[in-house]
Amino acid sequence: MFKAKIIGLGKYIPKRVLTNHDLEKMVETSDEWISSRTGIKERHIAAPEETASTMGAEAAKKAIQMSGISHEEIEMIIFCTITPDMLFPASACLVQDILKIPNTGTVDIEAACSGFIYGLSMANAYIVSGMVKNVLVIGSEVLSRFTDWEDRNTCVLFGDGAGAAVVSRTEEKDPSGIIGFKLKGDGSFRDLLYVEAGGSQKPASHETVEKKLHTIKMNGNATFKVAIRTMSEELLELLAETKISSDDINLLIPHQANERIIAGVADRMNFPKEKVFMNLSKYGNTSSATIPIALAEAFEEGRIHKGDSIALVAFGGGLTSGACVFKW
Ligand code: UT7
């Protein structure tokens, strides 16, 4: 049997910044409302020529560089996104071509804000089974292209960005590596958060465009309540299954949607604030990219040390949810 561990991390944040004050000029809102209700101060917006795959490739370059492996050694690219360049081909194929990775499988997965944890779990399964040695997992989103910029309920929340990790085979006796996952999905909550048109149920038409059905719709308040309950329950279940006490976790990296959701989860878990990583004030909610961006940034900031136990937890449209624990 093998184990899997993360050996490289990278992030890419597009240059353009959109502040809460900028949004005050676009919709009926205020910096005070956005800051106090969400914790977000600004978000980044992709340039017109940037896409999920170009941003994902930039983050991947950095993750590969940190890992020290060559492009030839990557055997699988898992691209997590709800905002792919196109319906198909997969954005993973486009990254393969941008980075000229010669011998790799390519697949996109769609699990909304939980996407990166699902991607990591697939990488782990491929590696533990002995099928491959090195997997590139990318979370990249251009949510600004699916945002209704006249809807204050949603447009203040989202941002663009990408993060990536190289996950590699290690020996079972290695004290560092991935310990476990908990993944769940419940389609009965599909009406909480969705993009209605552009798929086979409601293909693009003049009517769908006029009604802005290609943009994100959300029942924020209901999502808020389910998010706190689901994330804390799932993480508690995973910790119980892996026999790890929450005191033993050195850093919790939750999905970055709302400061109050994160505080609610931390409260229920009895996690002190210092052990919870947050960067949403700078980036807003970048869906499947929040966790890999936060991981890369926590590492850059020296908040992850050798031997640390790290917990990830996320929640998103679907609904989907996921938790992961690993030792660095
Ligand atoms: O990535 C995972 C999925 N997404 C999330 O996790 C998001 C979950 N939800 C949330 O983060 C919060 O529910 C929001 C930040 C979206 C909203 O906060 P809330 O405390 O749940 O507010 P609310 O929806 O209860 O709305 C309160 C009021 C409403 O006005 P009335 O009806 O009370 O007069 C809204 O119309 O705030 C109003 N409002 C705004 N006011 C100023 C909604 N958006 C804005 C805005 N600026 N941008």
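Parameters and conventions
Within any chain, residue numbers begin from 1 and follow the written order of that chain's sequence. For a predicted model such as this one, the threshold for reporting local features is a pLDDT of at least 70, and the threshold for listing and counting side-chain atom pairs is 80 or more; totals across whole chains, interfaces and linings nevertheless cover every residue. Hydrogens and water are ignored here; the side-chain numbers use all heavy atoms of the structure. Helix axes are fitted only over the stretch in contact, all axes being lines through C-alpha atoms; the angle between N-to-C directions runs from 0 to 180 degrees. Secondary structure elements follow DSSP: runs of H or I no shorter than four residues count as helices, runs of E no shorter than two count as strands, and numbering proceeds from the N terminus. An angle below 35 degrees is read as roughly parallel, one above 145 as roughly antiparallel, one from 65 to 115 as roughly perpendicular, and any other as oblique. Note on convention: the crossing is left-handed when the near helix lies turned anticlockwise from the far helix by less than a right angle, right-handed when the turn is clockwise. The contact criterion used is simple: two residues touch if any of their non-hydrogen atoms lie within 4.5 Å. We call Asp, Glu, Lys and Arg charged. Ala, Val, Leu, Ile, Met, Phe, Trp, Tyr, Cys and Pro are nonpolar, and the rest, Gly among them, are polar. Distance and chemistry together define a polar contact, namely a pair of N or O atoms within 3.5 Å, with one atom able to donate a hydrogen and the other to accept it when in protein, and with adjacent residues in sequence counting only for side-chain atoms on both sides. Each residue's exposure class comes from its accessible area (1.4 Å probe, protein chains only) as a fraction of the maximum for that residue type: buried when under 20%, exposed when over 50%, partly exposed otherwise. Residues belong to one nonpolar core when they are buried, are Ala, Val, Leu, Ile, Met, Phe, Trp, Tyr or Cys, and are joined through side-chain atoms within 4.5 Å. Following DSSP output, two strands are said to pair if at least two bridges run between them. Boundaries between domains were set according to an automatic or database domain assignment. Once two parts are joined, some of their accessible surface, as seen by a 1.4 Å probe, is lost; buried area is that loss totalled over both. Think of a salt bridge as a Lys or Arg side-chain nitrogen and an Asp or Glu carboxyl oxygen that are within 4 Å of each other.

1. Thoughts on the packing of helix 3 (residues 52–67) against helix 4 (residues 91–99)
Here helix 3 crosses helix 4 at 60°, and the two axes come no closer than 9 Å. In terms of their interaxial angle, helix 3 and helix 4 are classed as oblique. Considering the relative orientation of helix 3 and helix 4, their crossing is right-handed. Contacts between helix 3 and helix 4 involve S53, T54, A57, A60, K61 and I64 on the former and, on the latter, S91, L94, V95, I98 and L99. The residue makeup of the contact of helix 3 with helix 4, split by class, is 7 nonpolar, 3 polar and 1 charged.

2. Quick notes on the side chain of T320
Looking at where T320 falls in the secondary structure, it is placed in strand 13 (residues 320–327). Within the structure, T320 has its side chain in polar contact with the backbone oxygen of A111 (distance 2.8 Å). If we ignore the near neighbours within four places in the chain, the residues touching T320 are A111, A112, S114, Y118, K184, G185, A314 and F315.

3. Structural notes on helix 11 (residues 290–300)
Within helix 11, 9 of the 11 residues are buried, which leaves the element mostly enclosed by the surrounding structure. Listed as buried for helix 11 are T290, I291, P292, I293, A294, L295, A296, E297 and A298. Looking one or two residues past helix 11, G302 carries a phi angle of roughly 75°, positive in sign.

4. Here we look at the nonpolar core
In terms of nonpolar packing, the biggest core is built from 39 residues, with L235, I249, L252, I261, F271 and V325 touching the most fellow members. Once residues within four sequence positions are removed from consideration, L252 is found in contact with L235, F271, K275, V276, F277, A311 and V313. If you look at the next biggest cluster of nonpolar residues, it comprises 36 residues, including C80, I109, I117 and V137.

5. Some details on the sheet that holds strand 5 (residues 105–109)
Read from one edge of the open sheet, 5 strands run 1-7-6-4-5, paired in mixed fashion. Across the chains shown, the open sheet's two edge strands, defined by having one partner strand only, are strand 1 (2–12) and strand 5. With strand direction ignored, the average angle separating the axes of adjacent strands in the sheet is 20°. Here 5 bridges tie strand 4 (residues 76–80) to strand 5, and the two strands are oriented parallel to one another. In the strand pairing of strand 5, M76 is matched with G105. In the packing of helix 3 onto the sheet, contacts are made with strand 1, strand 4, strand 6 (134–142) and strand 7 (160–171), and the angle to strand 1 comes to roughly 125°. Sitting on the sheet, helix 4 touches strand 4, strand 5 and strand 6, and the angle it makes with strand 5 is about 140°.

6. Points about the domain arrangement of the protein chain
Domain assignment breaks the protein chain into domain 1 (2–171) and domain 2 (177–327). Domain 1 and domain 2 are separated by 14 Å when their C-alpha centres are compared. Opposite the 52 residues of domain 1 that make contact, domain 2 presents 47 residues. Buried surface at the junction of domain 1 and domain 2, both sides included, amounts to about 3900 Å², of which 66% is carbon and sulfur. One can count 4 salt bridges joining domain 1 with domain 2. One salt bridge in this structure joins D148 and K212, with 2.9 Å as the shortest N-O distance. Our count for the domain 1 to domain 2 interface comes out at 21 residue pairs in polar contact (both at pLDDT 80 or more). Elements with a minimum of two residues in the side of domain 1 that touches domain 2: strand 1, helix 2 (31–38), strand 3 (42–45), helix 5 (115–128), strand 6, helix 6 (152–155) and strand 7.

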